[in-house]
Amino acid sequence: MTARIIDGNALSAQVRGEIAERAAALTARGVQPCLAVILVGGDPASAVYVRNKVAGCEKAGIRSLRFDYPENATQDEVMAKLAELNADPSVHGILVQLPLPKHLDETAVLEAIDIRKDVDGFHAENVGRLSQNREAFIPCTPHGVMKMLESTGTQVQGAEAVVIGRSNIVGKPMAMLLTNAGATVTVCHSKTKDLAFHTRRADILVAAIGKPRFVTGDMVKPGATVIDVGINRLQDGPDAGKLCGDVDFESAKTVAGAITPVPGGVGPMTITMLLENTVISAERTARACGK
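These numbers were taken from a predicted model, which means no experiment stands behind them.

**Digging into unusual backbone geometry**
- A cis amide bond, omega 0 degrees, links Leu-98 with the succeeding residue Pro-99.
- Residue placement: Pro-99 occurs in the loop between β4 (93-96) and α4 (106-111).
- Note the cis peptide between Val-262 and Pro-263, where omega equals 0 degrees.
- Among the secondary structure elements, Pro-263 is positioned in the loop between β11 (258-259) and α10 (267-288).

**Things to note about the pattern of salt bridges**
- Overall, the coordinates contain 12 salt bridges when judged by the stated rule.
- For the salt bridge of Glu-276 with Arg-22, the shortest nitrogen-to-oxygen distance reads 3.4 Å. Of this pair, Glu-276 sits in helix α10 while Arg-22 is found in helix α1 (residues 8-28), placing the two residues 254 residues apart along the sequence.
- Accessibility expressed as a relative area gives 8% for Glu-276, which makes it buried.
- Classification of Arg-22 as partly exposed rests on a relative accessible area of 28%.
- With a closest N to O distance of 2.7 Å, Asp-68 and Arg-66 form a salt bridge.

**So, the sheet that holds β11**
- Taking strand neighbours across the sheet as the criterion, the six strands line up as β1-β11-β8-β7-β5-β6 in an open arrangement whose pairing is parallel. The open sheet has two edge strands with one neighbour each: β1 (4-5) and β6 (184-188).
- Looking at chain direction, strand β5 (residues 160-164) and strand β7 (residues 204-207) are connected through four bridges and run parallel. From the neighbouring strand, Val-162 faces β7, where its bridge partner is Leu-205.
- The sheet strands contacting helix α6 (residues 140-152) are β1, β7 and β8 (225-228), and the helix crosses β8 at an angle near 150 degrees.

**Details of the environment of Lys-117**
- Inspection of the secondary structure assignment puts Lys-117 in the loop between α4 and α5 (124-131).
- For Lys-117, a relative accessible area of 8% puts it in the buried group.
- Distance in space between the C-alpha atoms of Lys-117 and Phe-137 is 8.8 Å, their sequence separation being 20 residues.
- Contacts of Lys-117, omitting those with residues within four sequence positions, involve Leu-85, Asn-86, Ala-87, Asp-88, Val-91, His-92, Gly-93, Ile-94 and Phe-137.

**Remarks on the UniProt feature "domain: Tetrahydrofolate dehydrogenase/cyclohydrolase NAD(P)-binding" (unreviewed entry) in the protein**
- Here the UniProt-annotated "domain: Tetrahydrofolate dehydrogenase/cyclohydrolase NAD(P)-binding" (unreviewed entry) positions come out as residues 139-284.
- Helix makes up 34% of residues 139-284 and strand 16%. Its end C-alpha atoms lie 18 Å apart.

**Considerations on the side chain of Lys-53**
- Here Lys-53 lies in helix α2 (residues 44-60).
- Here Lys-53 is buried and forms no salt bridge, its nearest opposite-charge partner Asp-120 lying at an N-O distance of 5.4 Å.
- Excluding residues within four positions of it along the chain, Lys-53 makes contact with Leu-95, Gln-97, Ile-271, Leu-274 and Leu-275.

**Topic: the packing of α6 against helix α7 (residues 171-180)**
- Their axes nearest at 9 Å, the elements α6 and α7 cross at an angle of 40 degrees. In terms of orientation, α6 and α7 fall into the oblique class. With respect to the hand of their crossing, α6 and α7 are arranged in right-handed fashion. Contact residues: α6 offers Pro-142, His-143, Val-145, Met-146 and Leu-149, while α7 offers Pro-173, Met-174, Leu-177 and Leu-178.

**Description of the UniProt feature "domain: Tetrahydrofolate dehydrogenase/cyclohydrolase catalytic" (unreviewed entry) in the protein**
- In the UniProt entry, the feature "domain: Tetrahydrofolate dehydrogenase/cyclohydrolase catalytic" (unreviewed entry) is given for residues 6-120.
- Secondary structure across residues 6-120 divides into 50% helix and 16% strand, with the first and last C-alpha atoms of the span separated by 24 Å.

**Quick look at the packing of α6 against α10**
- Two elements in contact, α6 and α10, have axes separated by 8 Å at closest approach and are oriented at 100 degrees. Between α6 and α10, the angle falls in the class roughly perpendicular. On the side of α6, the interface is formed by Cys-140, Thr-141, His-143, Gly-144, Lys-147 and Met-148, while α10 contributes Met-269, Thr-270, Met-273, Leu-274, Glu-276 and Asn-277.
- In the contact of α6 with α10, the residues fall into five nonpolar, five polar and two charged.

**What to know about the packing of aromatic side chains**
- Under the counting rule described, the total for this entry stands at zero aromatic pairs.
- Taking the ring centre of Phe-214 as reference, the NZ or CZ of Lys-211 above it sits at 5.2 Å.
- The lysine or arginine in question, Arg-284, covers the ring of Phe-137, its NZ or CZ lying 4.8 Å from the ring centre.

**Re the nonpolar core**
- Among the nonpolar cores identified, the biggest contains 50 residues, and Leu-35, Ile-62, Leu-149, Leu-178, Ile-227 and Val-229 are the most heavily contacted of them.
- Broken down by secondary-structure element, the contributors of at least two residues to this core are α1, β2 (34-40), α2, α6, β5, α7, β7 and α10.
- When residues in this core are grouped by element, the largest group, eight residues, is from α10.
- Three or more residues apiece are contributed to this core by two domains, here domain 1 (30-114) and domain 2 (140-266).
- In this structure, Leu-178 is in contact with Met-146, Leu-149, Val-156, Ala-161, Val-163, Ala-183 and Val-185, ignoring residues within four places of it in sequence.
- If you look at the next biggest cluster of nonpolar residues, it comprises 21 residues, including Phe-67, Leu-82, Val-96 and Val-109.

Calculation criteria
- Residues numbered from 1 in each chain as written.
- Predicted model: local features only at pLDDT ≥ 70, side-chain atom pairs only at ≥ 80, totals over all residues.
- Heavy atoms only, no water.
- Helix = DSSP H or I, 4+ residues; strand = E, 2+ residues; numbered from the N terminus.
- Salt bridge = Lys/Arg side-chain N within 4 Å of Asp/Glu carboxyl O.
- Buried < 20%, exposed > 50% of the residue type's maximum accessible area, 1.4 Å probe, protein only.
- Pairing = 2+ DSSP bridges.
- Contact = heavy atoms within 4.5 Å.
- Axes fitted to C-alpha atoms, helices over the stretch in contact; angles between N-to-C directions.
- UniProt positions renumbered as here; feature names shortened; annotations may be inferred.
- Lys, Arg positive; Asp, Glu negative; His and termini not counted.
- Parallel < 35°, antiparallel > 145°, perpendicular 65-115°, else oblique.
- Left-handed = near helix turned anticlockwise from the far one by under 90°.
- Nonpolar A, V, L, I, M, F, W, Y, C, P; charged D, E, K, R; others polar.
- Phe/Tyr/Trp six-rings, centres within 6.5 Å; stacked < 30°, edge-to-face > 60°.
- Lys NZ or Arg CZ within 6 Å of the ring centre and 35° of its normal.
- Core = buried A, V, L, I, M, F, W, Y, C linked by side-chain atoms within 4.5 Å.
- Domains from an automatic or database assignment.

Okay, structure coming up:
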């Protein structure tokens, strides 16, 4: 068996085309979607992520605002900018690029974002609404995974799903989304005993642990849908410098029914869902204004 490859680039392009149409319709009605991004410090990876998000906005017809602060920016400076953006009716989405420098209170910063503009879905109220299966902004990576499952026709309702990883950004919201969709969900992590016992019974397996090629083919149930959220750069060996996921793609693809590659799998969908959340926020604003 050779698994079907789930092409995140192709799906992302399709969804972004739909987002651009919605953004254009809103702009024609006098409400151009706008995303504000705050970057604190000079972390190279964060700078790349922000640049990609701004570029994605431009291509989709979404206005973007970028605010860069030095590594030693104070809590008051960041909070003041958030208050300003919260009060600006032309701004529909606010994103603070993580991680923040250690001297800043990350929780306080995220909680300061207006939940109506929390397009990352990290505010505690949005998390709580998601847990109750109510309307909420959904964290972008798990949201993208659900879109990918939908695109493959994967049966989620009644399926056994296993999520490896319990982070607030991916693992926990991923488990909630799968539960809301009717799956029976097991969350595994570093303290889980006999991880392979759980993964081998998963119809849907989501790996999000940050360990390169950790999930091998013998840990995968034949025919399962495998979603690899990890992105790691190999440090040594013949593949040093190359990107890989948390799943050993070569061995897993011979067992799985469908699988995401790295790169080109979940990654492109993360920014795509950020753009969609921004457009959703703008659509809500337009309705409230009667436009």
